[in-house]
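This is what each chain is made of:
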Amino acid sequence: MRKFVGAFLALFVAGGAAQAQETQTLRVAKQFGIGYLQQILLEDSKLIERHAERAGLRLTVQWSTFRSSDVMIEALLSDTLDIASLGLPGLALVADRTRGRQDIRGIAGLNVIDLVLTVRKPGVNTLRDFAANDRIAVPAVKVSNQAILLQMAAAKLFGEAEWGRLDNLTVSMAHPDATAAMLGGQSEIVANFSSPPFYYRQLKAPGIRKLASANDIVGEPWSFNALAATGAFRSRNPRVLAAFLAAFDETTAWINADKRRAAEAYLRISGDRATVEDILEILNDPANRFTSQPLGVKTWVDFMVKIGMLRAAPARWQDLYHPEAFRPGQS
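Just so it is clear, the structure is predicted and the values come from calculations on it, not from any experiment.

A.B. asks: Just to check I follow, could you spell out the overall build of the protein for this structure?
C.D. replies: Looking only at helices and strands, the protein features 14 helices and 10 strands. Relative to the compact-globule value of 20 Å for 331 residues, the protein shows a C-alpha radius of gyration of 20 Å, a close match. With the principal axes as the frame, the protein shows a C-alpha extent of 65 × 45 × 30 Å. A buried classification covers 55% of the 331 residues belonging to the protein. Expressed as a percentage of contacts within the protein between residues at least 6 apart in sequence, the contacts between residues at least 24 apart total 78%. When the accessible area of the protein is evaluated, it comes to approximately 13900 Å², of which 50% is carbon and sulfur surface. Taken as two groups, the 38 positive and 33 negative side-chain charges of the protein have centres that lie 2 Å from each other.

As structure tokens, this is what we get:
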């Protein structure tokens, strides 16, 4: 890791960028759920600040929690956020739209996390069974991971031309609110495409069952999220970015090395009422893996091009990321 930080800094010093004043306030955002465990632990541990101090920087990290990628993209574009956690659809869209301008691209993968579509309405056994007045909660309609997954599933089930058939049933809702709607009795929300720990909690409730999963739909491991930043932030703040990535990689490594400790820390920080064993069930599930390596990107990009969501596929899927996303020593 020290070799990576040194090489990374040398690259920018050679270009003169590191000589400029770097930011003293790093603005980072995460979303809800254990899929953002690295960031949750980073906020609590202040490990980014400690890595920055070792590099001779005085850095304050401001953390926010957003509902979904669409809101984070707006914050990146308005320069009110430095590092965001974006789903692959959001990353592909914003990289395509800002190429040659703000140049928003990924700086790291986040993890491999299965997402599950839960349903509580009797008689809904396939995607064909939803009625016109049923509503499916997703973090953001049309652009979230879950919204695109529903489109992929619809294309497989109804035919490629029908990829948007379920879009009119989806509503934007943060995971905690959607879980409350699923568990709370009467509601127009009869299904929720959700992430851990929310769908684990839902599936333990009577009458709620699994209808589909992301891994079944995609057919390969894929990055649940990516961390993203603008080209301007990257070029102006090489030492800050290096400190952030070093702390991120260190946190990813210790999650994988001591999952019980990570589960205990998550519960302490989040206030979640689950047990340590509940969280360990998620962390030990083979469908979930914490890694900073970008995975499964091409499948998503190809689908988004096919439905016209992206104007064109990048020459290489790796072009959706800044070079630091493929640094040595990743977990």
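A.B. asks: Just checking my understanding: could you explain empty space enclosed by the protein for this structure?
C.D. replies: If a probe as big as a water molecule is rolled over the atoms, it shows which places are left empty. Tallying each qualifying case throughout the model produces one cavity of 30 Å³ or more. When its volume is computed, the largest cavity comes out at roughly 70 Å³. Broken down by class, the residue content of the lining of the largest cavity amounts to three nonpolar, eight polar and no charged.

A.B. asks: Teacher, can you tell me more about the pairing of strand β10 (residues 225-229) here?
C.D. replies: For a regular strand, the rule is simple: side chains alternate between the two faces of the sheet. Where burial is concerned, most of β10 is hidden: five out of the five residues are buried. Residue alternation in β10 divides its side chains into two sets, Asn225, Leu227 and Ala229 and Ala226 and Ala228, and both sets are buried. Pairing geometry for strand β3 (residues 84-86) and β10, over three bridges, is antiparallel. In the strand pairing of β10, Leu86 is matched with Ala226. One ladder, built from five bridges, connects strand β4 (residues 105-111) with β10; its direction is antiparallel. Bridge pairing links Asn111 to Asn225 in β10.

A.B. asks: Honestly, unusual backbone geometry in this entry has me stumped. Any pointers?
C.D. replies: Cis geometry is adopted by the peptide bond preceding Pro197, which originates at Pro196 and carries an omega value of 0°. Positionally, Pro197 belongs in the loop between β8 (189-194) and α8 (198-203). Not every positive phi belongs to a glycine, and Lys46 is a case in point at roughly 55°. Overall, Lys46 belongs to the partly exposed group, its relative accessible area being 48%.

A.B. asks: Help me out: how do you make sense of the pattern of salt bridges in this one?
C.D. replies: Two side chains with opposite charge may pair up if their charged atoms get near one another. By the definition in use, this model includes 20 salt bridges. The residue Asp79 makes a salt bridge to Arg27 at a minimum N-O spacing of 3.3 Å. A residue pair is termed long-range when its members are at least 10 positions apart, and Asp79 in the loop between α4 (69-77) and β3 and Arg27 in strand β1 (residues 25-30) qualify at 52 residues. Taking the relative accessible area as the measure of exposure, Arg27 reaches 22% and is therefore partly exposed. In this structure, the salt-bridge partner of Asp96 is Arg97, at a minimum N-O distance of 3.9 Å.

A.B. asks: Looking at this structure, how should I read the nonpolar core?
C.D. replies: As a rule of thumb, soluble globular proteins bury nonpolar side chains together. Counting 103 residues, the largest nonpolar core has Leu26, Phe130, Leu149 and Phe244 as its most contacted members. Of the residues forming this core, the biggest block, nine residues, is contributed by helix α11 (residues 238-257). Discounting residues that sit within four places of it in the chain, Phe244 has contacts with Leu26, Val28, Ile48, Ile83, Ile107 and Leu227. One finds Met182, Ile189, Ala205 and Ile208 within the second-largest nonpolar core, a separate group that totals seven residues.

A.B. asks: I tried to follow the sheet that holds β10 on my own but got confused; where do I start?
C.D. replies: In sheet architecture, strand pairing relies on hydrogen bonds along the backbone and comes in two forms, parallel and antiparallel. Taken in spatial order, the three strands of this open sheet run β3-β10-β4, and their pairing is antiparallel. Each of the sheet's edge strands pairs with one partner strand only, and the pair in question is β3 and β4. Neighbour-to-neighbour, the strand axes of this sheet turn through a mean angle of 35°, independent of strand direction. On top of the sheet, α4 reaches β3 and β10; it is set at about 140° to β3, its chief contact. In this fold α11 packs onto β4 and β10, with an angle of close to 15° to the strand it touches most, β4.

What counts, and where the lines are drawn
Residues numbered from 1 in each chain as written. Predicted model: local features only at pLDDT ≥ 70, side-chain atom pairs only at ≥ 80, totals over all residues. Heavy atoms only, no water. Helix = DSSP H or I, 4+ residues; strand = E, 2+ residues; numbered from the N terminus. Rg over C-alpha atoms; globule rule 2.2 N^0.38 Å. Buried < 20%, exposed > 50% of the residue type's maximum accessible area, 1.4 Å probe, protein only. Contact = heavy atoms within 4.5 Å. Areas by Shrake-Rupley, 256 points an atom, 1.4 Å probe, with all protein chains shown as cover. Lys, Arg positive; Asp, Glu negative; His and termini not counted. Charge placed at Lys NZ, Arg CZ, Asp CG, Glu CD. 1 Å grid on protein atoms, 1.4 Å probe; cavity = no way out; pocket = protein on both sides within 12 Å on 5 of 7 lines; lining within 4 Å. Points joined across faces, edges and corners; volume = space filled by probe spheres on them. Nonpolar A, V, L, I, M, F, W, Y, C, P; charged D, E, K, R; others polar. Pairing = 2+ DSSP bridges. Salt bridge = Lys/Arg side-chain N within 4 Å of Asp/Glu carboxyl O. Core = buried A, V, L, I, M, F, W, Y, C linked by side-chain atoms within 4.5 Å. Axes fitted to C-alpha atoms, helices over the stretch in contact; angles between N-to-C directions.

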